[in-house]
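Chain by chain, the residues run as shown.
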Amino acid sequence: MPRISVIVPVYNVEEYLALSLQSVRDQDWRDLEIVCVNDGSTDDSAKVLRLFEQADERIVVVEKENGGLSSARNAGIKAASGDIVCFLDSDDLLTKDACGVIVRAFDRTGADVVTYGAMAYPEFRSYPWLEEVLSPRDVDYEQFSTDILFKEQSRPFAWRTACRRDFLLESGVLFDETLPFGEDQLFHFAVYPRAQRASLISDKLVQYRVSRAGSLMNTRLHDPLKMAREHANIIRHIVADWRDGGFLARYPRELLLWTVDFLGFDILQLDEPGRTEMLDVMKGIWAESFDEATIEACAAVDDARARIVQAIWSDRSLASGNARRAVVYRYFSWKYGTRAALGRVLDVAKNVGPIGRLRESIAHSRRTETEAYHDEEAWEQRDEQERAAALERVKRELGDAAVSS
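The structure contained in this document is the topic of the report that follows. (Residues numbered from 1 in each chain as written. Predicted model: local features only at pLDDT ≥ 70, side-chain atom pairs only at ≥ 80, totals over all residues. Heavy atoms only, no water.)

A word on the side chain of S90. Take S90: it is sitting in the loop between β4 (84-87) and β5 (93-94). Of note is the side chain of S90, whose polar atom sits 3.2 Å from the backbone oxygen of P9. Sequence-distant contacts of S90, that is, excluding residues within four places in its chain, are made with V8, P9, V10, V13, Y16, L17 and S20. (Helix = DSSP H or I, 4+ residues; strand = E, 2+ residues; numbered from the N terminus. Polar contact = N/O pair within 3.5 Å; in protein donor to acceptor, adjacent residues only side chain to side chain. Contact = heavy atoms within 4.5 Å.)

What follows is the structure, given as structure tokens:
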């Protein structure tokens, strides 16, 4: 039985897959299993998987009909045999020491869940929000605290969270296959409250490929209303899971205030009629999930979120005009500082909140267009060469007979 299983969901990534798999094969920690789940790819991903399967006995390939990322990850969990399972998207890379660092963190802490850091790949495509969320501190939680969800850099990417496989099987936590977007958020909201111990480590163990053309995240950046609707659906699923697990009754105020950070602020930035639509959606979710006393308590908190709670729950005049801009400014100033708020409040719809922060992944940086172009061009060429070299390497290992088969 290997100490760790790396689960790699695969769907139409033939150009990126070889380099990703090679990063796992090259791990310093050798006692591992690589579970590749081909989720009904229609390109040549299956051929790449067969080459690697022949070249490395640690690779297990699971073939299935297309069911989406969550379905592929769940199939990988069920097929894995390692003590620990972690996830790697098939266009990302593991650092050479990643598996060893993960195993030693579990051994040191006895944790059920370990979340680690990551870095943008390439680094010049990084942006402040991404750097922040990919940089957890070193901390151990001996029991569940809402701080791990709401105050730590613990979310939203499941590919930087490893779990004891027995813990997942015993708790029944899997990825929700009915949720087409935001499954990573729901996964974290499910695993942390159920874990006896959880740890965060600051080691950056994943190179996260930023803004690959055609990626799932990249396709959602240009439709704020669609993203808001999907975020509302994520909230519904999290509330339902917390209700079933008994966590909603224990932490209603904390969860409601998180929904303000996750969606409420961005609702106020939408254009009409989308803003009115989402204000009604959010109010409906709160009415179904929280009692009046909880909502009133959140409307009285000593920070800028209280005004947003009021805007959604009772004071609909804040849905438009100068009053709305004042609420957005106050929230942004509280969250990020007065200077940042002053610089952005006149253009909040483009520059503030999760949607705006994600758009920065397309802009990449504030350097001159010429500098950015040359960086992009040089890196793309180098990346293409490295991806091709990874595929050629495995072909050489197998020899001409395997290549021609």
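On we go.
Compared with the 16 Å implied by 1.5 Å per residue over 12 residues, the 17 Å span of helix α4 (residues 98-109) between its first and last C-alpha is a close match. Counting buried positions over the 12 residues of α4 gives nine, a clear majority of the element. Of the residues flanking the end of α4, it is G110, one or two places downstream, whose phi is positive at about 65 degrees. (Expected span 1.5 Å × (residues − 1). Buried < 20%, exposed > 50% of the residue type's maximum accessible area, 1.4 Å probe, protein only.)

It is worth spelling out unusual backbone geometry at this point. With an omega of 0 degrees, the peptide bond running from R155 to P156 counts as cis. With respect to the helices, strands and loops of the structure, P156 is situated in the loop between α6 (147-150) and β8 (161-164). One non-glycine residue, N12, lies in positive phi territory at about 50 degrees. Within the secondary structure, N12 sits in the loop between β1 (4-10) and α1 (14-25). Judged by its relative accessible area of 27%, N12 is partly exposed.

Turning next to the packing of aromatic side chains. Tallied over the entire structure, the rule returns 19 aromatic pairs. Taking 4.7 Å as the distance between ring centres and 15 degrees as the angle between the ring planes, the aromatic pair formed by W258 and F262 counts as stacked. Highlighted residues: W258 and F262, both in helix α11 (residues 252-267), separated by four residues, approximately one helical turn. Comparing W258 with F262, the two get one shared label, buried. An aromatic cluster of three or more residues is present, and its members are F144, F150, F189, W242, F247, Y251, W258 and F262. A cation over an aromatic ring shows up here: R73 above the ring of F87, its NZ or CZ 5.8 Å from the ring centre. (Phe/Tyr/Trp six-rings, centres within 6.5 Å; stacked < 30°, edge-to-face > 60°. Lys NZ or Arg CZ within 6 Å of the ring centre and 35° of its normal.)

Tracing the backbone through its elements, the reader meets E183 in helix α8 (residues 183-194). Among all residues touching E183, those that are not within four sequence positions of it are L69, S70, R73 and F175.

On to the nonpolar core, then. In this structure, L168, F187, W242, L255 and W286 are the most contacted members of the largest nonpolar core, which totals 73 residues. Residues within four places of F187 in sequence aside, it is in contact with F87, A158, T161, C163, L168, V173 and F175. (Core = buried A, V, L, I, M, F, W, Y, C linked by side-chain atoms within 4.5 Å.)

Contact geometry for helix α9 (residues 224-245) and α11: axes closest at 11 Å, N-to-C directions at 165 degrees. Comparing their axes, α11 and α9 come out roughly antiparallel. Our pair here, α9 against α11, has a crossing hand that is right-handed. Together, A228, H231, A232, I234, I235, I238, V239 and W242 of α9 and L255, W258, T259, F262 and L263 of α11 make up the contact between the two elements. (Axes fitted to C-alpha atoms, helices over the stretch in contact; angles between N-to-C directions. Parallel < 35°, antiparallel > 145°, perpendicular 65-115°, else oblique. Left-handed = near helix turned anticlockwise from the far one by under 90°.)

Bridge count for strand β2 (residues 32-39) against strand β3 (residues 59-64) is six bridges, and the pairing is parallel. Residue I34 lies in a different strand from β3, and its bridge partner there is I59. Following the backbone out of β2, through helix α2 (residues 45-55) and into the adjacent parallel β3, one traces a crossover that is right-handed. (Pairing = 2+ DSSP bridges. Right-handed = clockwise from strand over helix to strand, strands pointing away.)

So, to be careful, I would describe these as geometric facts and stop short of saying anything about function.
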